[in-house]
Structure formats: C-alpha cells, structure tokens
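One letter stands for each residue in the lines below.
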Amino acid sequence: MSKQLKELVGDLLGICRMLSKRNFMPELHPATGTDSPCEAWSIHENSINYRLLVILWPPCGHSFSLGPTEQLPASPSRIRVVLECTCSREQLLGKTWCFLHRAGDQPLRDQDSYLLDTLCTGNYLDVEKVACWVQMLVASAWLLLPQSQHCQLTVLPSCRSCRFQLTGTPGRQMTTEVVFAVAQGSSGAHVSLE
C-alpha cells in the first residue's frame, strides 16, 4: 500500500508540474540526495502517514537565491526571488517572455511576475503563501487523475506545508504531508522553507 501511495503522489506531482508551467510558477520535484531525509513513513494498523520533501524549481525568467541572514523582521523567508533576463532565450524559442526588458512595444514586465505577486512578501518566498498555492494546485491536479473517481482527496489545514488525506479504501486512512525547499547550487543541497 505504501508503494501505491508513493506512486500516486508522484503522479500527482507530475500533474502539478504541468499546471504550474502554464503560469510561470515553480515546479514541484521530489527531493533526492543524502544530506537530509527526503521522505518519512509512519505505518500503523489502519493508517499510513507519508511525509515528502519537495524542491521548488523556479520557472523560466526567475531564480531563487539565499538572501542575507539579517533581514527585516517582517521578511518571512531567506529565499529571494530574482527576475532574470531571458532575451537570448526569447530570440531562440520565440515565445518566452523576458520579465526585465521590453519586447517590442510591450511595457516592462518586471511588475507582471505572477510568482512574485502570488508567493512572495516583497521579493522573498513566503512559506504560508507557498503552502496555500500548493494546496490549491494539488486539489486541482487531483481532479485530473483517474484515481479521483475512486478516492477522495481532502486538503487538511496547514500553514507551512501541504497536507492531504486520501479516503476510498474502507478502513484505511492515508495522509501525506508535502514540505518545501529550494535547491542551493547544483550539488543537490537544499534550503528548507520550514
């Protein structure tokens, strides 16, 4: 049963990635590596609890960088969202937007980053906003999976992660918690948003 739950969550994250690409939002990728536990299981008589670390990959035209440790008290995160120039990519691919520079007669796009408007406080990722967005994303993605015809997904209250419960198998309760991090460099290390 735990293998099936892991595969189901993997399929769900795959659909989430597809949906988030449409709006220049972060992609959700299961963490891999050995620097910290990436997943944890708790299996009891009639319940399975699964905790998974998910890395947020920035969309095209954005990057994540570790901000200074001394920030204003109002800043909820150390992860800064930086807009990047994609002009050369735009010329090659034809339809990519550059958030920093004009495209013909178009106005500057620096204020049109949906990611900044939705998931950030200032220019920093806000874990509570990320959690709320992922909860809505998971609920939408669930409806696109064939398993949604047989199982019900219920998003559980959580302000710093995405917790959801699957019900459908009589007498069996499956709860998954997705916690967030961003990659730090290419070494596979990551910084948690918790």
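Conventions adopted
Residues numbered from 1 in each chain as written. Predicted model: local features only at pLDDT ≥ 70, side-chain atom pairs only at ≥ 80, totals over all residues. Heavy atoms only, no water. pLDDT = per-residue confidence, 0-100. Contact = heavy atoms within 4.5 Å. Core = buried A, V, L, I, M, F, W, Y, C linked by side-chain atoms within 4.5 Å. Buried < 20%, exposed > 50% of the residue type's maximum accessible area, 1.4 Å probe, protein only. Helix = DSSP H or I, 4+ residues; strand = E, 2+ residues; numbered from the N terminus. Axes fitted to C-alpha atoms, helices over the stretch in contact; angles between N-to-C directions. Parallel < 35°, antiparallel > 145°, perpendicular 65-115°, else oblique. Nonpolar A, V, L, I, M, F, W, Y, C, P; charged D, E, K, R; others polar. Expected span 1.5 Å × (residues − 1). Arc of directions from axis to C-beta.

### Some words on the confidence of the model for the protein chain
Detailed reading of the predicted coordinates is not advisable wherever pLDDT falls low.
Next up, step 1: Confidence in the prediction for the protein chain averages 82 pLDDT; 74% of positions are at 70 or higher.
Next up, step 2: In this model residues 107-111 is a low-confidence stretch, pLDDT under 50, and it forms 11 contacts with partners more than four residues away in sequence or in other chains.

### With respect to the nonpolar core
Next up, step 1: Counting residues in each nonpolar core, the largest one holds 45 residues, and the members touching the most others are Leu28, Leu56, Leu125, Phe164 and Phe180.
Next up, step 2: Elements supplying a minimum of two residues to this core: α1 (2-21), β3 (47-57), β5 (79-83), α3 (114-119), α4 (127-142), β9 (162-167) and β10 (173-183).
Next up, step 3: Ranked by size, the runner-up nonpolar core spans six residues in total, among them Cys38, Ile55, Val179 and Ala181.

### A look at the packing of α1 against α4
Next up, step 1: Contact pair α1 / α4: the axes reach a minimum separation of 9 Å and the direction vectors enclose 105°. One element, α1, and the other, α4, form an angle in the roughly perpendicular class. Taken together, the residues of α4 that come into contact with α1 (itself represented by Leu8, Leu12, Ile15, Cys16, Leu19 and Ser20) are Trp133, Leu137, Val138, Ser140, Ala141 and Trp142.
Next up, step 2: When grouped by side-chain class, the residues that make up the contact of α1 with α4 number 10 nonpolar, two polar and no charged.

### Concerning the environment of Val134
Next up, step 1: Along the chain, the position of Val134 falls in helix α4.
Next up, step 2: Placed 28 residues apart in sequence, Val134 and Cys162 show a C-alpha to C-alpha distance of 6.4 Å.

### Structural notes on α1
Next up, step 1: Helix length check: α1 (20 residues) gives 29 Å between terminal C-alpha atoms against 28 Å at 1.5 Å per residue, within 8%.
Next up, step 2: All buried positions along α1 are accounted for by Leu5, Leu8, Val9, Leu12, Leu13, Ile15, Cys16, Leu19 and Ser20. The buried residues of α1 occupy an angular sector of 165° when projected down its axis, which confines them to one face. Relative to its buried face, α1 has exposed residues pointing more than 90 degrees away, namely Lys3, Gln4 and Lys21.

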